[in-house]
Amino acid sequence: MMQPARIAPSILAADFAHLADDVAKVEPYVELLHIDVMDGHFAPNISLGIPVIASLRKATSLFFDCHMMTTNAHVYFGSLRSAGADLVTVHIEAYPDPTRAADQARDAGLAFGLALNPATPFEAVEPFVELADLVLVMSVEPGFGGQSFTYSALTKVEAARKVIDSRGISTDIEIDGGITTDTARAARDAGVDVFVAGTSVFRTPDPVAAVKALRASVE
Ligand code: DX5
Ligand code: ZN
């Protein structure tokens with residue numbers, strides 16, 4: 001069953017010199033904080049790492065949804081947990097059989113998510129959905145904020161919704177990339193529970209108003 005909509009601002013679009021301030025602004029209005037970790041290998045960019053997560057943990061009590069766009073995320077599960085991460089999402093392209101990574105995440109005290117790129121069919125994660133608290137459908141290529149929404153991601157969301165509902169499990173469906181009030185609405189209709197939004201929240205004059213508008217669009 002579809003869960004209440006949750007909003008996860010992506011700090012990739014925030015001002016890294018004023019991260020705590022940017023997060024504090026939206027904290028009362030959102031359920032999660034989306035943190036994009038990139039290693040320059042899996043994704044063609046380098047974003048932030050464990051020291052930033054640890055510093056941010058002192059500044060907020062929000063749930064940390066860590067999106068690992070890295071080839072070897074499992075090596076860092078213990079450090080991520082110690083830094084304050086709550087959930088780690090790894091990519092199916094990096095972990096074609098994520099069974100062991102899921103166990104390692106749980107052993108480290110982390111919730112576990114599985115992400116898939118725009119080019120990856122839902123079938124790649126279908127056998128492993130039970131292992132995950134969350135399935136993250138990428139609606140842009142990993143690496144950068146500010147890209148346009150890929151509508152074919154909605155077909156994947158619909159497939160995920162069908163499988164999750166037919167199996168009677170409570171895995172969340174998260175969408176990431178190009179989320180605006182319009183694309184969020186379309187994604188909600190396809191079955192999304194968690195909405196990641198970077199540019200449409202932090203690159204606006206009023207991030208709180210932006211979060212409120214996103215929520216209104218999906219309720
Ligand atoms: C892209 C990241 C996204 C990104 C989304 O690699 O996974 O989380 O921050 O940014 P917007 O919302 O600007 O598309
Ligand atoms: Zn992300």
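Scroll up to find the structure this text is about.
In what follows, the accompanying structure is described. (Residues numbered from 1 in each chain as written. Chains lettered and ligands numbered in written order. Predicted model: local features only at pLDDT ≥ 70, side-chain atom pairs only at ≥ 80, totals over all residues. Heavy atoms only, no water.)

### Let's talk about the side chain of Lys156
Definition in use: Each helix is a run of H or I in the DSSP string that is no shorter than four residues. Each strand is a run of E no shorter than two, and both are numbered from the N terminus. Polar contact criterion, stated in full: a pair of N or O atoms within 3.5 Å, where within protein one must be able to donate a hydrogen and the other to accept it, and residues adjacent in sequence count only if both atoms are side-chain atoms. Throughout, a residue-residue contact means that at least one pair of heavy atoms, one from each residue, lies within 4.5 Å.
Along the chain, Lys156 falls in helix H5 (residues 153-167). Within the local environment of Lys156, its side chain forms a polar contact with the backbone oxygen of Pro118, the two atoms lying 2.9 Å apart. Not counting residues up to four positions away in its chain, the partners in contact with Lys156 are Leu116, Asn117, Pro118, Ala119, Thr120, Pro121, Phe122 and Val137.

### Some words on the environment of Val194
To keep things clear, this is the line we draw: For every residue, the accessible area (1.4 Å probe, protein chains only) is compared with the maximum for its type, and the residue is labelled buried under 20%, exposed over 50%, or partly exposed between those bounds.
In this fold, Val194 is placed in strand E8 (residues 194-197). A relative accessible area of 1% means that Val194 is categorised as buried. Counting along the chain gives 186 residues from Val194 to Ala8, while the straight-line C-alpha distance between them is 6.8 Å. Other than its neighbours up to four places away in sequence, Val194 contacts Arg6, Ala8, Leu32, Asp172, Ile173, Glu174 and Ile175.

### Topic: the site of ligand 1
What counts is decided by this rule: Neighbouring residues are identified by heavy atoms, a residue being near a molecule or strand if any of them is within 4 Å of it. Using a 1.4 Å probe, accessible areas were evaluated by the Shrake-Rupley method; residue-level cover was limited to the displayed protein chains.
The immediate surroundings of ligand 1 are formed by 20 residues, with Ser10, Asp36, Gly143, Asp176 and Thr199 found nearest. Contacts to ligand 1 include His67, whose side-chain N or O atom sits 3.3 Å from an oxygen atom. Gly198 places a main-chain nitrogen or oxygen 2.8 Å from an oxygen atom of ligand 1. For ligand 1, whose free accessible area comes to 380 Å², the fraction covered by protein is 99%.

### Some details on the sheet that holds E8
Sheet strands line up and pair through hydrogen bonds in the backbone, either parallel or antiparallel. As a reminder, the rule being used: When DSSP finds at least two bridges between two strands, those strands are taken to pair. Here an angle of 0 to 180 degrees is reported between the N-to-C directions of two axes, which are lines fitted to C-alpha atoms, with helices fitted over the stretch in contact.
Spatially, the eight strands line up as an open sheet ordered E1-E8-E7-E6-E5-E4-E3-E2, and their pairing is parallel. Both outer strands of the open sheet, strand E1 (6-9) and strand E2 (32-38), are each paired with one neighbouring strand and no more. Recorded for the sheet is a direction-independent mean angle of 25° between the axes of neighbouring strands. Both strand E5 (residues 111-116) and strand E6 (residues 134-138) contribute to a ladder of four bridges, which runs parallel. By the bridge assignment, Gly113 is partnered in E6 with Leu134.

### Looking at the side chain of Arg188
Keep this limit in mind: A positive count includes Lys and Arg, and a negative count includes Asp and Glu. His and the chain ends are not counted in either. Salt bridges are identified by distance alone: a Lys or Arg side-chain nitrogen within 4 Å of an Asp or Glu carboxyl oxygen.
Mapped onto the elements, Arg188 comes out in helix H6 (residues 181-190). Despite its burial, Arg188 pairs with no opposite charge, the nearest such side chain being Asp193 at 4.2 Å. Beyond its immediate chain neighbours, meaning those up to four positions away, Arg188 contacts Met2, Gln3, Pro4, Ala5, Asp193, Phe195 and Val218.

### Considering the pairing of E6
Quick note on the threshold: Seen with its strands pointing away from the viewer, a crossover is right-handed if its path from the first strand over the helix to the second goes clockwise.
Of all five residues in E6, five are buried, a share of seventy percent or more. What you see with E6 is no split at all: Leu134, Leu136 and Met138 on one side and Val135 and Val137 on the other are buried throughout. As judged from the five bridges shared by E6 and strand E7 (residues 172-176), these two strands associate in the parallel manner. Bridge assignment links Leu136 to a residue of E7, and that residue is Glu174. Handedness of the β-α-β unit built from E6, H5 and E7 comes out right-handed.

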